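Listed here are the chains, written in short residue letters.
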Amino acid sequence: MAKRSYREIGVKAVDVERLVERARGDKLVFGIDAAKEDFKAVLMNSEEEVLITIKWQHPVETPAMVGLLDKLRGAGVAIEAAMEPTGTYGDPVRDQLQRQRFDVFKVSANRSHEAAEVYDGVASWHDAKSAAIVAMLHLDGRSDLWGELSECQRELKALGQVHEMFDGAYHEAINRLEALLARYWPAQLNELKLT
């Protein structure tokens, strides 16, 4: 297997004309590895060749990244974005891409991790490789369109999170109560319900 290069270039230093020329009318996948600030992404063609690996500082350079994709699209390059649905760091980027009418797809984090060694023969993991794997899995049809949740779904999700938070505190209190009863009134453990 040929060694893969993970050379990164800052979003503001990308040569758009050269990239358009390399795309040659092909549909590109923008595979994103989300982070707190140091985002990495690749533009991959349908032959699973990484044309460029881009880095940017979120949130400061995110508008420049979206602008770059918009310039490419304006030059006739079709682009789909793909990313893992992990944590919350990627949500603002996904939202900005969707607001600019880019299709964003989600790729299972589990699939990405399983594909690490298959991708380049090395089990190691880093951000640029992660972005490339996300793009590759999308090209292989292992992603789903990331649709917006309805208002009802968002409300149910929020209620579930509130319930989870209070349920955790409730069970922690029961465990503390059980420990105290075991220490000071062990016989009561058989007589009283902890709840």
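Described below are features of the structure shown in this document.

Definitions and cut-offs
Residues numbered from 1 in each chain as written. Predicted model: local features only at pLDDT ≥ 70, side-chain atom pairs only at ≥ 80, totals over all residues. Heavy atoms only, no water. Salt bridge = Lys/Arg side-chain N within 4 Å of Asp/Glu carboxyl O. Helix = DSSP H or I, 4+ residues; strand = E, 2+ residues; numbered from the N terminus. Buried < 20%, exposed > 50% of the residue type's maximum accessible area, 1.4 Å probe, protein only. Contact = heavy atoms within 4.5 Å. Core = buried A, V, L, I, M, F, W, Y, C linked by side-chain atoms within 4.5 Å.

1. Re the pattern of salt bridges
No. 1: Under the defined criterion, the tally for this structure stands at seven salt bridges.
No. 2: Of the charged contacts, one joins Arg94 and Asp91 as a salt bridge, the two residues approaching to 3.5 Å between their closest N and O atoms. Remark: Asp91 and Arg94 occur in helix H3 (residues 91-99); sequence separation between them is three residues, near one turn of the helix.
No. 3: The class for Asp91 is partly exposed, based on a relative accessible area of 28%.
No. 4: One salt-bridge network, in which partners are shared between bridges, spans Asp91, Arg94 and Glu148.

2. Here we look at the side chain of Lys40
No. 1: When you line up the elements, Lys40 lands in strand E3 (residues 38-44).
No. 2: Judged by relative accessible area, Lys40 falls into the buried class, the value being 11%.
No. 3: Residues contacting Lys40, with those up to four places away along its chain left out, are Glu8, Gly31, Ile32, Asp33, Ile54, Lys55, Trp56, Asp127, Ala128 and Ala131.

3. Looking at the nonpolar core
One recurring pattern in soluble globular proteins is that nonpolar side chains are buried together.
No. 1: Counting 30 residues, the largest nonpolar core has Phe30, Ile32, Trp56 and Leu97 as the members making the most contacts within it.
No. 2: Only helix H1 (16-23), strand E2 (28-33), E3, strand E4 (50-57), helix H2 (62-74), strand E5 (79-83) and H3 provide two or more residues apiece to this core.
No. 3: Per-element accounting of this core gives the leading share, five residues, to H2.
No. 4: Non-local contacts of Ile32, meaning those with residues more than four positions away in its chain, are made with Phe39, Lys40, Ala41, Trp56, Ala81, Ala82, Met83, Glu84, Val93, Leu97, Ala131 and Val134.
No. 5: Counting residues in hydrophobic clusters, the runner-up holds 15 residues, among them Phe105, Val107, Ala115 and Met136.

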